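Spelled out from the first residue to the last, the chains are:
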Amino acid sequence: MKRYHLAGVYCAFSCTLSAFGYRRRSYYIKPANYQALIKAGIEVLLDDRDERAGVKLNDADLLGCPLRVTLGKRGLKNRELEVLPRKRQSEGPIMISLDGDYVEAIKGLL
């Protein structure tokens, strides 16, 4: 298993995929996004727990993965993934369109 190193932190996954609105529309699109990332060789930790957004995002930050990918109600409406690179957190999230080649865009951020 490849380990990702960033500023003295080791993580077994290259990114976390946090899905919000799990019981709604995102339920139907989330497995497709997850499988596409896995097939591309990206080691993804899927967080599909029935928890509040703050709990999921806090846990994702504590894991220390290089990327945090978020898919929620607003993202589905706009057909976008929210990607937050750990090394550029102060710059804010990057919005990546689900209609384009989002897998390659995410690989480019690793």
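Scroll up to find the structure this text is about.
Residues numbered from 1 in each chain as written. Predicted model: local features only at pLDDT ≥ 70, side-chain atom pairs only at ≥ 80, totals over all residues. Heavy atoms only, no water.

A. Representation of the side chain of T70 within the structure. Its place among the elements puts T70 in strand β5 (residues 67-71). Judged by its relative accessible area of 10%, T70 falls in the buried class. Apart from residues lying up to four places away in sequence, T70 is in contact with S18, F20, L57, L81 and E82. (Helix = DSSP H or I, 4+ residues; strand = E, 2+ residues; numbered from the N terminus. Buried < 20%, exposed > 50% of the residue type's maximum accessible area, 1.4 Å probe, protein only. Contact = heavy atoms within 4.5 Å.)

B. Focus on the environment of R88. Here R88 lies in the loop between β6 (80-85) and β7 (94-97). Exposure remark for R88: the relative accessible area of 30% places this residue in the partly exposed category. Excluding residues within four positions of it along the chain, R88 makes contact with I94 and L109.

C. Region of interest: the nonpolar core. Grouped together as the largest cluster of nonpolar side chains are 17 residues, with contacts concentrated most on I42, V69, L81, V83, Y102 and I106. Of all the secondary-structure elements, those providing two or more residues to this core are β3 (15-19), β5, β6 and α4 (102-109). Here the element with the most residues in this core is α4; it accounts for 4 residues. Contact partners of I106, with chain neighbours within four places excluded, come to L37, I42, L67, V69, L81, V83 and I96. (Core = buried A, V, L, I, M, F, W, Y, C linked by side-chain atoms within 4.5 Å.)

D. Seen up close, the pairing of β3. Buried residues dominate β3, accounting for 5 of its 5 residues. Bridge count between β3 and strand β4 (residues 44-47): 4 bridges; the pairing is parallel. If you follow C15 over to β4, its bridge partner there is V44. Across 5 bridges, β3 lies against β5 in parallel orientation. (Pairing = 2+ DSSP bridges.)

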